[in-house]
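The residues making up each chain are set out below.
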Amino acid sequence: MQNKGLVKLFAILFGLVSIYQLSFTFKANSLDEDAIVYAKGDVEKERQYLDSIANEKVYSLGIADYTYNEVKENAMNLGLDLKGGVSVILQVSVKDILKGLANYSKDPVFNKALDDASELQKNSQNTYLEDFFVAFDKIKGDTKLASPEIFANRTLSEEITFDMSDDQVRPIIERKIDESIVSAFEVLRKRIDEFGVTSPSIQRLGNSGRILVELPGVKDKERALKLLQSTAQLEFWEAYKGENFIGFLNQANELLKEIEAESDETTTEEVAEESQDSEDDKIADLLGDDPDSLDIESNPIGKLIRGFGYQGGPIVAQFAIKDKDQVLEYLNMPQVRALIPAEMRDVKFLFGKPEKDSEIVDLYALVGNRDNIPPLSGAVVTDARQEFGPTNKPVVSMQMNAKGAKIWEEMTGKAFNQGSQIAIVLDNVVYSAPGVTTGAISGGNSQISGDFTLNEATDLANVLRAGKLPASADIIQGEVVGPSLGQEAIDSGKISFLIALSLVLLWMIFYYGKAGLFADIAMIFNILLIFGVLSGLGAVLTLPGIAGIVLTIGMSVDANVLIFERIREELAKGKGQKESIQDGFSNALSSILDANITTGLTALILFIFGTGPIKGFATTLLIGIATSLFTAIFITRLIIDWYIGRKGNLDFATGLTKNLFRNINIDFLKKHKTAYIVSSIAIVISLGSLFTNGLDQGVDFVGGRTYQVRFDQPVSSSEITSLLSSPEVFGSADAKTFGNANQLKITTKFKVEETGTEVDEELRKTLYTALQPHLDGISYEEFISDDENKTHGLMKYYKVSPTIADDIKKASFWAILGSLIVVFLYILFRFKRWQFSLGAVAAVFHDVLIVLGVFSLTYKFMPFTMEIDQAFIAAILTVIGYSLNDTVVVFDRIREFFNEHTNWHFDKVINTSLSSTLSRTLNTSLTTLVVLLAIFIFGGDSIRGFMFALIVGVIVGTYSSLFIATPIMYDSVKKGDAKESLKNKVKEEMEEAKA
């Protein structure tokens, strides 16, 4: 081998860099353990401890010192499934942005186009904006985008004029939408930075308005989710005096009585004549205190009132929290609002923030306007911070810009002179409505109080400082994993990793003797490089990622097997040891590169289309392929050359394996018709099952919510399914045993279209209430807690909206189709004949159909989940890569034998090629299967279905490379002269390559 010195230098440098990168991970883990020991289970105390050392020097390498923050930044990042945490995809509402750009236009064409675009989105791969333009063009008539009622308004007057065509307006709107999404991205990034999560990840997903946020290790998950979705729409409104609306409530109550009476087809009640009663009499009438008043059941508003505000204050009345929506529905009815005096007709009714543990909420009446635009908004806030008020309760202090300060001074001056209040409104909730007692407030300083907790005040200050989202951001896909589940995944991952590694190392020594030991040394170095590169790149290690590394170990054996088998062939020809090693490495190189490139291409497609853990799997697979090539081709060679240089002798076999698979001569082509029949029967059965039984599609593909719940005792999945499917709970649900008999995976589509955190909380409470008889008396807080030592309760939560589920399904289809096309083209490029591409792709189609058929036939009775989700698509793509790996090695040998044995008949070339590679095929397949079985048995419940798909794929892929791919290639060359033409063509290509 040439340039041995350079290879040694690179190996030493790569090894040292990997050790350097991994040292940060070991140090970070040590410091985190110290914090856990110090805190003794107190999460807040643990956080304070880590905050206290955040900027202290905690790690020294002699030449440099590092703070805790720097150590964590350089440490390997663990994914949610290993560390617990939150992962969400947020959909920034482009519809809301368009409404804002159009100044909330009432134009019917514009609003219908928005609604039509929403409908188109259900079955479209376009962005919302593209569908909006399509919908608008269909119905616009004479209306233009540049209409003064749409985008040619005051806000956009400098960029859009009424004489512009739609084609001129579109790029401007596209740019504005993009700016808004970028703004949302930056707002979210600032909020996350302020939240103080270690190693957060935030990335924009194409031009769809979707933003992926991953917060591994976050302790308070509910707080994090609220922070991400909060629009923080801060507004300042003038408030009416509450008593001004007592008469209106009385009139509204009487009108509603009439409406109810008419709807019940009863005699219309006589409308009460207006009188000059005192406020006390009006209140008495409204509440029904008068013995002669109507029965409370016909007192629509009066029966809901729980109290009134103080004289001169901004509170109109008090209601139960549960009645809020009903009250607003009454008050916003057109016929009811018509009762309000003309000068107050634009009044804005809002509820306040209820006090802690209170069931009562205050109703406010604010001075509104026709455009529903507040006199002052949160856009003027330049700084915000959490402080403590005079009563030692958390408050938020704000500083406004010059424009805001001027308006604030005018508003406070007016409130002082009129003795009225200014309502501080956040996301349509009145947090406080203070009066002004010291005159106009200058300078732009203000303060928000409202019975905040410390976390609420801190988060609000952070949100205001970071800025508000330009539009609502709904969680369309979310995953919440508890830390105890993550620790279990780490433990199972370690066990499967060590068992698989041990089996592979022992097998290589058993089969190849000392040469196998040298390959093992290179393999261990390979593992060091994989983890070092992962850490250096800042990649996230996930449980599928660990599976990818272990699978890489199994597949990396393939390169060494190819080399060693070629060396054994050269030795069998009577060549000397050094010459055999030289020729063995040279002859195996083409097959190794082709096999790894095809696998790498499928992994690359998986990386492009995958998200979260699946992207982690693809990342480790790609890194593993690269490092495996380096260690197998160079490091193994370096060690073997060193040993041979010291007069060592290598047989590349042991006494038991020396003649194993030697002198095999199987007539594979003679059996290919039988193989066609067997495969055809298997495919027909698979297709029949797919059309009748179908597949167990997970929420990734159909949408819904999944809860992983663990109980103290074994439970019946059918009993829980029946319980949760009752109309009083979810109406429809499915519970499956997940792993042990005391753990269930519960899936429901109940309220799947609703994405707010309030709905998520409502469903969790509903789930807890329904399961309470089986939960051994634990409280709701314990059920959803993030305790690292949690043994039962809600362990994991996953949500996918129907919109993104449809996108995932389509992306998966294109990923598989794309991989087949890419591989077809690559094999066509390498072998220059379409027959090779046809054989390889036909074998892959065969393998995919069989794997799908096995899942369809067995998912109903297998003791582990076999849902079709993104992980399954990853498995299918891996099967494609593996099958092609096998097939390409055989094709490469066929091409080689065409060149070497020009006088052989075509049939003999095919059969001898297959027979000569059989040792490598079976060796690699068995090694890979041993690895997969180790992960399947010891790797944890969450990836068992994933591993099962790979196991089936490896078995079927090995079969298809021998009995499907090559025979189809052979049969596609129909005539003898065509076969000779193929042989001559390959021979010319080989000669050109050598030249």
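Residues numbered from 1 in each chain as written. Predicted model: local features only at pLDDT ≥ 70, side-chain atom pairs only at ≥ 80, totals over all residues. Heavy atoms only, no water.

Caption draft 1: Summary view of the overall build of the protein. A count of helical and extended segments in the protein gives 32 helices and 23 strands. Considering only contacts within the protein whose residues lie at least 6 apart along the sequence, 73% involve residues at least 24 apart. When the accessible area of the protein is evaluated, it comes to approximately 44,600 Å², of which 56% is carbon and sulfur surface. (Helix = DSSP H or I, 4+ residues; strand = E, 2+ residues; numbered from the N terminus. Contact = heavy atoms within 4.5 Å. Areas by Shrake-Rupley, 256 points an atom, 1.4 Å probe, with all protein chains shown as cover.)

Caption draft 2: Quick look at helix α21 (residues 672-692). With 21 residues, α21 should reach 30 Å at 1.5 Å per residue; the first-to-last C-alpha distance of 30 Å fits that figure. The complete set of buried residues in α21 reads His-672, Ala-675, Ser-679, Ser-686 and Ser-689. Projected down its long axis, α21 carries its buried residues within an arc of 115°, all on one side. Exposed positions of α21 whose direction lies more than 90 degrees from the buried face are Lys-673, Thr-674, Ile-677, Val-684, Phe-691 and Thr-692. Check the buried side of α21 and you find it contacts α27 (834-858) and α31 (944-972). Looking one or two residues past α21, Gly-694 carries a phi angle of roughly 70°, positive in sign. (Expected span 1.5 Å × (residues − 1). Buried < 20%, exposed > 50% of the residue type's maximum accessible area, 1.4 Å probe, protein only. Arc of directions from axis to C-beta.)

Caption draft 3: Expanded view of the side chain of Ser-420. Inspection of the secondary structure puts Ser-420 in the loop between α14 (402-418) and β15 (421-426). On the accessibility criterion, Ser-420 (12% relative accessible area) is buried. Setting aside residues no more than four positions away along its own chain, Ser-420 makes contact with Ala-239, Lys-241, Ala-415, Gly-435 and Val-436.

Caption draft 4: Representation of the pattern of salt bridges within the structure. All told, the structure shown has 33 salt bridges when counted by the stated rule. When the shortest N-O distance is used, the salt bridge between Asp-116 and Lys-112 registers 3.0 Å. In this pair, Asp-116 and Lys-112 both sit in helix α6 (residues 108-120), four residues apart, roughly one turn of the helix. Overall, the relative accessible area of 43% leaves Lys-112 in the partly exposed class. (Salt bridge = Lys/Arg side-chain N within 4 Å of Asp/Glu carboxyl O.)

Caption draft 5: Just a nonpolar patch on the surface, in detail. Taken together, the side chains of Leu-604, Phe-607, Ile-608, Phe-609, Phe-813 and Trp-814 make up a nonpolar region of the molecular surface, amounting to roughly 610 Å² of accessible area. For the nonpolar patch, the secondary-structure elements that each account for two or more residues are α19 (577-609) and α26 (802-831). Broken down by element, the nonpolar patch gets its largest block of residues, four residues, from α19. With respect to the secondary-structure elements, Trp-814 resides in helix α26. (Patch = residues over 30% accessible without salt bridge, like charges linked within 9 Å, V, L, I, M, F, W, Y side chains within 5 Å.)

Caption draft 6: Geometry of the sheet that holds strand β6 (residues 210-216). Ordered in space as β5-β6-β4-β18-β23-β20-β22-β21, the eight strands form an open sheet in which the pairing is antiparallel. Looking at which strands have only one partner, the edges of the open sheet turn out to be β5 (201-205) and β21 (734-737). Taking each pair of neighbouring strands and ignoring which way they run, the sheet shows an average axis angle of 20°. (Pairing = 2+ DSSP bridges. Axes fitted to C-alpha atoms, helices over the stretch in contact; angles between N-to-C directions.)

Caption draft 7: Looking closely at the packing of α21 against α27. Packing of α21 against α27 leaves a shortest axis separation of 8 Å and a crossing angle of 50°. With respect to α27, the axis of α21 lies oblique. Handedness of the α21/α27 crossing: left-handed. Across from Ser-679, Ala-682, Ile-683, Ile-685, Ser-686, Leu-687, Ser-689 and Leu-690 in α21, the residues of α27 making contact are His-846, Leu-849, Ile-850, Leu-852, Gly-853, Ser-856 and Leu-857. Partitioning the contact of α21 with α27 into residue classes produces nine nonpolar, six polar and no charged. (Parallel < 35°, antiparallel > 145°, perpendicular 65-115°, else oblique. Left-handed = near helix turned anticlockwise from the far one by under 90°. Nonpolar A, V, L, I, M, F, W, Y, C, P; charged D, E, K, R; others polar.)

Caption draft 8: Just the packing of helix α30 (residues 918-938) against α31, in detail. Between α30 and α31, the shortest axis-to-axis distance is 9 Å and the interhelical angle comes to 170°. Classified by the interaxial angle, the pair formed by α30 and α31 is roughly antiparallel. Facing α30, whose interface residues are Leu-918, Thr-921, Ser-925, Thr-928, Leu-929, Leu-932, Leu-933, Ile-935, Phe-936 and Ile-937, α31 presents Arg-944, Met-947, Phe-948, Leu-950, Ile-951, Val-954, Ile-955, Thr-958 and Leu-962. The residue makeup of the contact of α30 with α31, split by class, is 14 nonpolar, four polar and one charged.

Caption draft 9: Looking closely at the nonpolar core. Counting residues in hydrophobic clusters, the biggest one holds 137 residues, and the most contacted among them are Phe-564, Ile-640, Phe-872, Ile-880 and Phe-946. Counting residues per element, this core draws most heavily on helix α28 (residues 870-900), at 17 residues. Excluding anything up to four places from it in sequence, Phe-872 contacts Val-851, Leu-852, Phe-855, Glu-867 and Ala-949. Ala-135, Ile-172, Ala-473 and Val-715 belong to the second largest nonpolar core, which has 73 residues in total. (Core = buried A, V, L, I, M, F, W, Y, C linked by side-chain atoms within 4.5 Å.)

Caption draft 10: Broad picture of the confidence of the model for the protein. Of the residues in the protein, 88% have a pLDDT of 70 or more, and the chain-wide mean is 80. Confidence, expressed as mean pLDDT per element, reaches its minimum in the protein at helix α32 (residues 976-994) with 54 and its maximum at α21 with 92. Counting contacts from residues 266-277, a segment whose pLDDT is below 50, to residues more than four positions away or on other chains yields 10 contacts. Counting interchain partners and residues more than four positions distant, the pLDDT-below-50 stretch residues 290-296 has five contacts. (pLDDT = per-residue confidence, 0-100.)

Caption draft 11: Broad picture of the pairing of strand β14 (residues 394-400). Extensive coverage of β14 is indicated by the burial of six of its seven residues. With seven bridges joining them, strand β13 (residues 381-388) and β14 adopt antiparallel strand pairing. Across the sheet, Val-381 pairs through a bridge with Met-400, a residue of β14. Count of turn residues in the β13/β14 antiparallel hairpin: five residues, of which Asn-392 carries a positive phi of about 65°.

Caption draft 12: Summary view of the side chain of His-846. Take His-846: it is sitting in helix α27. A polar side-chain atom of His-846 sits 3.0 Å from a polar atom in the side chain of Ser-679. Setting aside anything within four residues of it in sequence, one finds His-846 in contact with Ser-679, Ile-683, Val-956, Tyr-959, Ser-960 and Ile-964. (Polar contact = N/O pair within 3.5 Å; in protein donor to acceptor, adjacent residues only side chain to side chain.)

Caption draft 13: Focus on the pairing of strand β18 (residues 473-481). By the criterion of burial, β18 is predominantly enclosed, with eight of the nine residues buried. Where strand β4 (residues 85-92) meets β18, eight bridges bridge the pair, whose relative direction is antiparallel. Pairing of Val-88 across the sheet is with Gly-478, part of β18. Sheet analysis places β18 next to strand β23 (residues 793-800), joined by five bridges and oriented antiparallel.

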